[in-house]
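Residue strings, one per chain:
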Amino acid sequence: MHGYGEDKAKVVARLRRIEGQIRAVTQMVEDDRYCIDVLTQISAANSALKSVALLLLDDHLNHCVRQASAEGGDVADEKLREASAAIARLVKS
């Protein structure tokens, strides 16, 4: 089971909500809505995605990385590298 197993329903629900937001942004552009209104909705969608990413990261750290740390060795080193790289990608975005 992946680290987000317990939160899977919550993650899927949030992603579906974000999917709806993106469809709404597309519709706004098709309807020639005001630029700032479109940008505001894009910003909201970005924030929602970051929120899901942080939830997944937290689950990963508390499940996958914690389990690998208990095992130790190369597995732990790899999971820590993965987590570090994921955090770096989130910080850059």
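Nothing here was measured: the structure is a model prediction, and the numbers come from that model.

Cut-offs applied
Residues numbered from 1 in each chain as written. Predicted model: local features only at pLDDT ≥ 70, side-chain atom pairs only at ≥ 80, totals over all residues. Heavy atoms only, no water. Helix = DSSP H or I, 4+ residues; strand = E, 2+ residues; numbered from the N terminus. Buried < 20%, exposed > 50% of the residue type's maximum accessible area, 1.4 Å probe, protein only. Lys, Arg positive; Asp, Glu negative; His and termini not counted. Salt bridge = Lys/Arg side-chain N within 4 Å of Asp/Glu carboxyl O. Contact = heavy atoms within 4.5 Å. Axes fitted to C-alpha atoms, helices over the stretch in contact; angles between N-to-C directions. Parallel < 35°, antiparallel > 145°, perpendicular 65-115°, else oblique. Left-handed = near helix turned anticlockwise from the far one by under 90°. Nonpolar A, V, L, I, M, F, W, Y, C, P; charged D, E, K, R; others polar. 1 Å grid on protein atoms, 1.4 Å probe; cavity = no way out; pocket = protein on both sides within 12 Å on 5 of 7 lines; lining within 4 Å. Points joined across faces, edges and corners; volume = space filled by probe spheres on them.

Moving on to the side chain of D59. If you trace the backbone, D59 turns up in helix 2 (residues 35-71). Salt bridges are absent for the buried D59, whose nearest opposite-charge side chain, K10, sits at 7.2 Å. Excluding residues within four positions of it along the chain, D59 makes contact with G3, Y4, D7 and C64.

The contact between helix 1 (residues 8-30) and helix 2 brings their axes to 10 Å, and the two run at 165°. Judged by the inter-axis angle, helix 1 sits roughly antiparallel to helix 2. Note on packing geometry: the crossing formed by helix 1 with helix 2 is left-handed. Residue-level contacts link K10, V11, R14, L15, I18, Q21, I22, V25, M28 and V29 of helix 1 to D37, V38, Q41, I42, A44, A45, A48, L49, S51, V52, L55 and L56 of helix 2. When grouped by side-chain class, the residues that make up the contact of helix 1 with helix 2 number 16 nonpolar, three polar and three charged.

Moving on: the layout of surface pockets. Space inside the largest pocket adds up to approximately 190 Å³. In terms of lining, the largest pocket is formed by H2, G3, Y4, A53, L56, L57, D59, H60, C64, A86 and L90. Among the secondary structure elements, those contributing two or more residues to the lining of the largest pocket are helix 2 and helix 3 (73-92). When residues in the lining of the largest pocket are grouped by element, the largest group, six residues, is from helix 2.

In this section: the pattern of salt bridges. Under the defined criterion, the tally for this structure stands at four salt bridges. Here E78 and R81 are joined by a salt bridge, their closest N and O atoms 3.1 Å apart. Taken as a pair, E78 and R81 lie in helix 3 at a separation of three residues, close to a single helical turn. Residue class for E78 comes out partly exposed when judged on its relative accessible area of 36%. By relative accessible area, R81 is classed as exposed at 52%. For the salt bridge of K79 with E82, the shortest nitrogen-to-oxygen distance reads 3.6 Å.

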